[in-house]
Amino acid sequence: MTSTAPTALVWLKRDLRLRDHAPLTEAAHFERALALVVLEPQWLASPECHPRQVAYWLDAVHQLQVDLAARGLPLLLRVGALPQVLQDLRREVAFTHLFSHEETGPGWSWTRDRAVAAWCRAEGVAWTEWPQTGVLRRLRSRDGWASRWAARMYAPRLPAPRGFAAPPGWAIQPQPLPTLRELGLAEPVQAPPPAGERAAWATLGDFLAGRGRGYRRALSSPLTAQTGCSRLSEHLTFGTISMRCVHQATEARIHPLSHPDGDPALARDLRAFAGRLRWHCHFMQKLEDQPDLEFRNLARSVDGLRPGDGVHPGEVDRERLAAWCEGRTGFPMVDACMRQLNATGWLNFRMRAMLVSFAAYHLGLHWREPGLHLARQFLDFEPGIHWSQMQMQSGCTGINTLRIYSPAKQARDQDPTGDHLRRWLPEFGTPAYPAPIVDEREAVAEIKARLHQLRQTAPARAEADALQQRHGSRRSGLPSTAKPARRPRPPAVPDSQGSLF
Ligand SMILES: Cc1cc2nc3c(=O)[nH]c(=O)nc-3n(C[C@H](O)[C@H](O)[C@H](O)COP(=O)(O)OP(=O)(O)OC[C@H]3O[C@@H](n4cnc5c(N)ncnc54)[C@H](O)[C@@H]3O)c2cc1C
C-alpha cells in the first residue's frame, strides 16, 4: 500500500450509469477516487448466465469507462472472485472507503456480500451501500410500502458528477475489455441491442415522446409489444438508467398531457406504464425479504405437486423440458414464442406468462428448471421479478388466482393473422412439425384438481394468510395510484432528452 489519504473505491455492479448514482456522487467529494467492475466467475458459471447478457454488460461497461475517463475517474475491470479482487487491489491502492449500491440478487450474490462485509470489517474499510430502486432493505412490514416507494421515486435525482480526483499514477484511459472468446463464451447468434446510458435515455425518450401511444393495446400481442412496450427492462436490469429517473421523466410527461388540451389518451397509456414501474420493485421486494424463494415454493402446502421440487421423489421429465426449451411441443403459439425468445432475448409479459403456465400445467414441470432456461434467455433477467413471477404463474405462491393460459386462445387473440407463427415457426403445417406432446384437456384437468385440493386445506389457508401478510400487495390490483403523502410537483420539462453527454 502506497498512501493513506482517504480514497474511495466505487464498486459498480448493475448500476452502469453516471446520472442518479449515489456512490459516484459521494466519491466525487473524496480526495482520491477510483472505480471497479468485477466479472465474477460465479456469474459466468451460473446456470442463469447467457453470453448475450455478458456481451451487453461489456458494452455498457465500455461506454461507462469512456464517460468516467472524461471526468478523471479510472474504471478498472477485474475478473475474479470477491473479496479476493478487493484484497489484491488494496495492495496497489490503499482505498479506505468502499461505495456501492444494494443488490437484490441471486443466492451466490448474498453469500458474496457477506464475505465482502467480513473482509471490510477485518481490513478497516468503511463500506457504504445505497438503495437504487424502491426495494426496502430490512423491511419489517409491507404496510405503507407503496408510500415509501413513492417517497423514494419523488426524491430529487442526482446529477452526473462533474469530475473526480484519481490516485496519482493511475491510467485514466479506458483499458481494453476481454472479448467473449477470451472469456471462453460463444458469440450470441443475434447481437444484443445497444447498451449503455445513452441508449437507455434514447429508449425512454422516444417512448414518452410518442411510441408509448397505444401501449395498453400493444402490450399483449407478441406482434405489437416489441415496439409498443417501453423496452426499458434490460436498461433497468443493468442499471444504465435509474428507476427514479424513469419514474420522474414519465410523471413529468404525463402532467401536461393530462389537460383536456393535452393528449389524455397518451397520458392514460403512460399512466399504465408508470404503474408497472412500481410492480418492478414490488416483485423484487419479495426476493429481498425472502431470498430462498429462488429455490423453493413460497407456499409449502403445494410441495410435492410436481416432480423436481426437491420434495417429490420423482425426477423432472427431461424430454418434456427439452421440447419446451427448444420450442417443439407441438403447440404452435408456445413454440413460436419460445423460438422468438431464444433468438432475441425478449418476449412480452403475456407470452412469458403463457410459456410458464404451459410448462407448469400442461407439462406438469416444477418451475425451477424452466425458470433457469428463461433466466438464461432473458436479456433483462432480474432475479426478484423473475422467480416471483415463475412461482406466481405456476400457482405456487398460495396467494394469487390461478391463471392457466390456453395456447390456442392466445393464438386466436394475439396472433389472429398468423404473422407471428409464420415468422418463428416456418415448419408449421409441414410433416417436420411435431404432434402435440400432451393431451391438453387431460393434463390440465388433472393438475388443476390436485392443486385445488392442496390449496383447500386449513393449514394451506393459514399459510396463505401469512404469505399475504408478508408479501402481498396492500392494493389488490397493483397498478399505480400510489402517491406520497405530499406529492412534489414534477418538473415542467421532461428531462428524458436532457443533455448529459
Ligand atoms: C415468468 C416471467 C418472468 C419475468 N422475468 C422478468 C425479468 O427477469 N426481468 C424483468 O424485468 N421482467 C420480467 N418479467 C416481467 C415482464 O414480462 C417484463 O418486465 C417486460 O416484458 C419487459 O418489457 P418492457 O420493459 O418493454 O416492459 P413495459 O411493459 O414497458 O414495462 C416497463 C417496466 O415495468 C416493469 N414491469 C412490467 N411488467 C412487469 C411485471 N409483470 N412484473 C414486474 N415488473 C414489470 C419492468 O421493469 C418493465 O421494464 C417477467 C414476467 C414473467 C411472466
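Remember, predicted model here, so these are calculated numbers, not experimental data.

Participant: Describe the overall build of the protein, naming the residues involved and giving the relevant values.
Facilitator: Regarding its fold elements, the protein presents 21 helices and five strands. Over its C-alpha atoms the protein spans a radius of gyration of 24 Å, differing by no more than 12% from the 23 Å that the globule rule assigns to 501 residues. Its C-alpha atoms put the protein at 70 × 60 × 50 Å along the principal axes. Evaluated residue by residue, the protein yields a buried proportion of 56% over its 501 residues. Look at the contacts in the protein between residues 6 or more apart in sequence, and 80% of them connect residues 24 or more apart. A total accessible area of about 21400 Å² is found for the protein, and carbon and sulfur atoms account for 54% of it.

Participant: Can you explain the site of the ligand? Please cite residues and give values.
Facilitator: Near the ligand lie 28 residues; those nearest to it are Tyr215, Ser230, Arg231, Asp380 and Glu382. One nitrogen or oxygen atom from the main chain of Arg231 is found 2.7 Å from an oxygen atom belonging to the ligand. Between an oxygen atom of the ligand and a side-chain N or O atom of Arg352, the distance comes to 3.4 Å. When isolated, the ligand has an accessible area of 810 Å², and the protein chains bury 99% of it. Judged by its atoms lying within 2 Å of the grid points, the ligand is housed in the largest cavity.

Participant: Outline the pattern of salt bridges, listing residues and values.
Facilitator: Applying the stated criterion across every chain yields a total of 24 salt bridges. The shortest N-O distance in the salt bridge between Arg112 and Glu103 comes to 3.1 Å. The pair formed by Arg112 and Glu103 is uniform in burial state, with each residue classed as buried.

Participant: Hey, could you go over the confidence of the model for the protein for me, with residue numbers and the actual values?
Facilitator: When pLDDT is averaged across the protein, the result is 92; 94% of the residues are at 70 or more. The low-confidence segment residues 476–501 (pLDDT under 50) makes 52 contacts with residues lying over four places distant or belonging to another chain.

Participant: Before we move on, can you summarise the nonpolar core with the specific residues and values?
Facilitator: Residues Trp324, Met354, Leu355 and Leu374 are the most contacted members of the largest nonpolar core, which totals 44 residues. When residues of this core are traced back to their parent elements, those giving at least two are helix H13 (318–326), helix H14 (332–344), helix H15 (349–362), helix H16 (368–377), helix H17 (383–393) and helix H20 (440–456). Counting residues per element, this core draws most heavily on H15, at nine residues. If sequence neighbours within four positions are ignored, Met354 has contacts with Met333, Val334, Cys337, Tyr405, Pro407 and Gln410.

Definitions and limits used
Counting from 1, residues in each chain are numbered in the order their sequence is written. Residues qualify for local features only when their pLDDT is at least 70, as the model is predicted, and side-chain atom pairs are given and counted only at 80 or more; totals for whole chains, interfaces and linings, by contrast, use all residues. Hydrogens and water molecules were not included; the side-chain quantities draw on all heavy atoms of the structure. Helix and strand definitions follow DSSP, with helices as H or I runs of at least four residues and strands as E runs of at least two, each counted in order from the N terminus. Every radius of gyration here is taken over C-alpha atoms, with the globule rule written as 2.2 Å times N^0.38, N being the number of residues. A simple rule labels every residue: compare its accessible area, found with a 1.4 Å probe on the protein chains alone, to the largest value its type can have, and call it buried under 20%, exposed over 50%, or partly exposed in between. Working rule for contacts: check all heavy atoms of both residues, and any pair within 4.5 Å makes them a contact. Calculation of accessible area relied on Shrake-Rupley with a 1.4 Å probe; when residues are assessed, cover is drawn exclusively from the protein chains displayed. Proximity criterion: a residue is near a molecule or strand once any of its heavy atoms comes within 4 Å of it. Counting of polar contacts relies on pairs of N or O atoms within 3.5 Å, with two restrictions inside protein: one atom must be capable of donating a hydrogen and the other of accepting it, and residues adjacent in sequence are counted only when both atoms are side-chain atoms. Any residue with an atom within 4 Å of a point lines the site, the site being either a cavity, points on a 1 Å grid over the protein atoms alone where a 1.4 Å probe fits but cannot get out, or a pocket, an open set with protein on both sides within 12 Å along at least 5 of 7 lines. Throughout, a molecule is located in a cavity or pocket provided that more than half of its atoms lie within 2 Å of its grid points. By definition here, a salt bridge exists when the distance from a side-chain nitrogen of Lys or Arg to a carboxyl oxygen of Asp or Glu is within 4 Å. Confidence of the prediction at every residue is given by pLDDT, a number between 0 and 100. Nonpolar cores are built from buried Ala, Val, Leu, Ile, Met, Phe, Trp, Tyr and Cys residues. Side-chain atoms within 4.5 Å join them into one set.

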